[in-house]
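# Per-entry structural report
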Amino acid sequence: MDYELQFKIYKDKKMAKYLKENSEWYKYLNRSSDNYKLFLSNYKKYNRSQQNDKFNNAVDTIDTVNSIFKILN
């Protein structure tokens, strides 16, 4: 993997974490730097799904708290 590519990835801590969790990308990025675009698109999909999960968890928590307040009244 090129040093420039490594710098781009490790500059963003979330992207570096994604790369460590999905280590098969090391193989593809070492073979060709052109695979960075594919890596980036997969990372963005992963990041969007993480944000959606956080939002859904927050809504579930609010619903739970709301249910508890209804029971208490």
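Residues numbered from 1 in each chain as written. Predicted model: local features only at pLDDT ≥ 70, side-chain atom pairs only at ≥ 80, totals over all residues. Heavy atoms only, no water.

## Some details on the pattern of salt bridges
- What the rule picks out here adds up to one salt bridge.
- Its salt-bridge partner being E21, residue K17 comes within 3.9 Å of it at the nearest N-O pair. Highlighted residues: K17 and E21, both in helix α2 (residues 13-21), separated by four residues, approximately one helical turn. (Salt bridge = Lys/Arg side-chain N within 4 Å of Asp/Glu carboxyl O. Helix = DSSP H or I, 4+ residues; strand = E, 2+ residues; numbered from the N terminus.)

## Comments concerning the nonpolar core
- Formed by L5, I9, M15, Y18, L19, W25, L29, Y36, F39 and Y43, the largest nonpolar core amounts to ten residues.
- Contributing elements (two or more residues each) for this core: α1 (3-11), α2, α3 (24-31) and α4 (36-72).
- Leaving out residues up to four positions away in the same chain, M15 has contacts with I9, Y36, F39, L40 and Y43. (Core = buried A, V, L, I, M, F, W, Y, C linked by side-chain atoms within 4.5 Å. Buried < 20%, exposed > 50% of the residue type's maximum accessible area, 1.4 Å probe, protein only. Contact = heavy atoms within 4.5 Å.)

## With respect to the packing of aromatic side chains
- Applying the stated criterion across every chain, the model contains six aromatic pairs.
- Ring plane angle 35 degrees and centroid distance 6.3 Å describe the contact between Y36 and F39, whose orientation is recorded as tilted. Pair noted here: Y36 and F39 are both in helix α4, with a separation of three residues, about one helical turn.
- Among the aromatic residues, those joined into a ring-pair cluster are Y18, W25, Y28, Y36, F39, Y43 and Y46. (Phe/Tyr/Trp six-rings, centres within 6.5 Å; stacked < 30°, edge-to-face > 60°.)

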